[in-house]
Amino acid sequence: FIPFLAIAFLATSCKKEETTPTPPTDPLSEYILISETQATTLNFTVKVYAEEDLFVGYNKILVQVKDNATGEILDNPEVVFNPIMEMNSGMMHACPLEQPKYNTSLKVMEGTVTFVMPSMGMGKWMLGLKLKNNAGTEEEIKIEVDFMQKAEPQLFSFTSAHDPSQSVFVALVNPKMPEIGINDFEVVVYERETMMSWPAIEMLNIEIDPEMPTMGHGSPNNVNPTDMGEGHYLGKVNFTMSGYWKVNMKFETATNEMMKDDAFFDITF
């Protein structure tokens, strides 16, 4: 009887020690696959990801490049963004962007594209990606992307009151998921210098004044966005309750000339 118990105990112990191997986690599983395309000359597979479905505004875009010959994901591949709107009229224009840098943990090239308008039957957006291999061979692939304006726009534009020749574009970066209390409030500001040149604007004075129109009140302890470089401005906005908020914004030049005093973003949560 005792040997039988010992054998049963050992068998049970062995079964408990058996574990099912955990499959490797895809670091990009939380991102949305926008496109999978072949760069035929370079023999690369190119996957384009985003944090969410593309929209008019500031989009983070990730590019993974695999060498089909080896099956390996490339470390720090050479990738250049070249987004172009091909209008039905035959005209073309670009949009603001931040060229990608290598994200070591995700093994992707990560940058941003600020789409300034939806296609809406007026043409099509092509996300151009210029690639190069170690031998110096280049190839550009063009990926057609389609998207719309969000219900609460994430981008607005205006003509500067100080300089009527200056067209300014402002995109909301944060908060992405607003909550009650103090939130980061970040915007990025560009100008349309030409149809193909959209540089960032730095050294602006920006003021914010959030209000809740349906409740008739604002909020305390807000911090005006300040220049962080490359067109980014970071401050704090205080949402004292959930609901519809209108974040009023005023823009001045570095020397305090008024550019726009009635701009705003709608934020509802």
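Nothing here was measured: the structure is a model prediction, and the numbers come from that model.

Another point: the overall build of the protein. Helix and strand counts for the protein come out as one helix and 19 strands. In terms of overall size, the protein is more extended than a compact globule, its C-alpha atoms giving a radius of gyration of 25 Å where 269 residues would be expected to give roughly 18 Å. Structurally, the protein occupies a C-alpha span of about 95 × 55 × 35 Å along its principal axes. Sorting the 269 residues of the protein into buried and exposed places 41% on the buried side. Taking the intrachain contacts of the protein between residues at least 6 apart in sequence as the baseline, contacts between residues at least 24 apart amount to 56%. Counting only carbon and sulfur atoms, one obtains 53% of the accessible surface of the protein, whose full area is about 14700 Å². Taken together, the 18 basic and 38 acidic charged side chains of the protein have centroids lying 5 Å from each other.

On to the pattern of salt bridges, then. Under the definition given, this model contains nine salt bridges. Here Glu 51 makes a salt bridge to Lys 60, at a shortest N to O gap of 3.7 Å. Looking at Glu 51, the relative accessible area reads 33%, which means it is partly exposed. Residue classification places Lys 60 among the partly exposed positions, given a relative accessible area of 28%. Across the pair Glu 78 and Lys 132 runs a salt bridge whose closest N-O atoms are separated by 3.5 Å.

Pro 175 follows Asn 174 through a cis peptide bond whose omega is 10 degrees. Structurally, Pro 175 is set in the loop between strand 12 (167–174) and strand 13 (181–191). Phi is positive for Glu 230, which is not a glycine, with a value near 55 degrees. Owing to a relative accessible area of 54%, Glu 230 belongs among the exposed residues under this scheme. Positive phi outside glycine occurs at Asn 256, with the angle close to 70 degrees. Summarising the element assignment, Asn 256 is placed in the loop between strand 18 (244–252) and strand 19 (258–268). Judged by relative accessible area, which is 52%, Asn 256 ranks as exposed.

Sheets are built from strands that pair by backbone hydrogen bonding, the pairs being arranged parallel or antiparallel. Strands sit in the order 6-5-9-10 across an open sheet of four strands; the sheet is antiparallel. Of all strands in the sheet, those with a lone pairing partner are strand 6 (92–93) and strand 10 (138–145), marking the two edges. The pairing of strand 5 (residues 78–87) with strand 9 (residues 123–132) spans ten bridges and is classified as antiparallel. Note that in strand 9 the partner of Phe 81 across the bridge is Leu 129.

Along the chain, the position of His 93 falls in strand 6. Sequence-distant contacts of His 93, defined by excluding residues within four places in its chain, comprise Pro 83, Ile 84, Met 85, Met 87, Val 116, Met 117, Trp 125, Met 195, Met 196 and Trp 198.

Inspection of every chain in the model, using the stated rule, returns ten aromatic pairs. Between Phe 115 and Trp 125, the aromatic rings sit 5.2 Å apart at their centres with planes inclined by 70 degrees, giving edge-to-face as the arrangement. Pair noted here: Phe 115 is in strand 8 (residues 108–115) and Trp 125 is in strand 9, with a separation of ten residues, a long-range link. Across this residue pair, the class does not change: Phe 115 and Trp 125 are buried. When the centroid spacing of 5.4 Å and the interplanar angle of 50 degrees are considered together, the rings of Phe 239 and Phe 269 count as tilted. Of this pair, Phe 239 sits in strand 17 (residues 232–239) while Phe 269 sits in the segment after strand 19, and the two are 30 residues apart along the sequence.

Turning our attention to the pairing of strand 9. Strand 9 sits mainly inside the fold: seven of its ten residues count as buried. Two elements, strand 9 and strand 10, share eight bridges in a ladder whose sense is antiparallel. When the bridges of strand 10 are listed, Leu 127 appears paired with Ile 143. Between the end of strand 9 and the start of strand 10, which pair antiparallel, lie five residues, with Gly 136 showing a positive phi angle near 90 degrees.

Calculation criteria
Residues numbered from 1 in each chain as written. Predicted model: local features only at pLDDT ≥ 70, side-chain atom pairs only at ≥ 80, totals over all residues. Heavy atoms only, no water. Helix = DSSP H or I, 4+ residues; strand = E, 2+ residues; numbered from the N terminus. Rg over C-alpha atoms; globule rule 2.2 N^0.38 Å. Buried < 20%, exposed > 50% of the residue type's maximum accessible area, 1.4 Å probe, protein only. Contact = heavy atoms within 4.5 Å. Areas by Shrake-Rupley, 256 points an atom, 1.4 Å probe, with all protein chains shown as cover. Lys, Arg positive; Asp, Glu negative; His and termini not counted. Charge placed at Lys NZ, Arg CZ, Asp CG, Glu CD. Salt bridge = Lys/Arg side-chain N within 4 Å of Asp/Glu carboxyl O. Pairing = 2+ DSSP bridges. Phe/Tyr/Trp six-rings, centres within 6.5 Å; stacked < 30°, edge-to-face > 60°.

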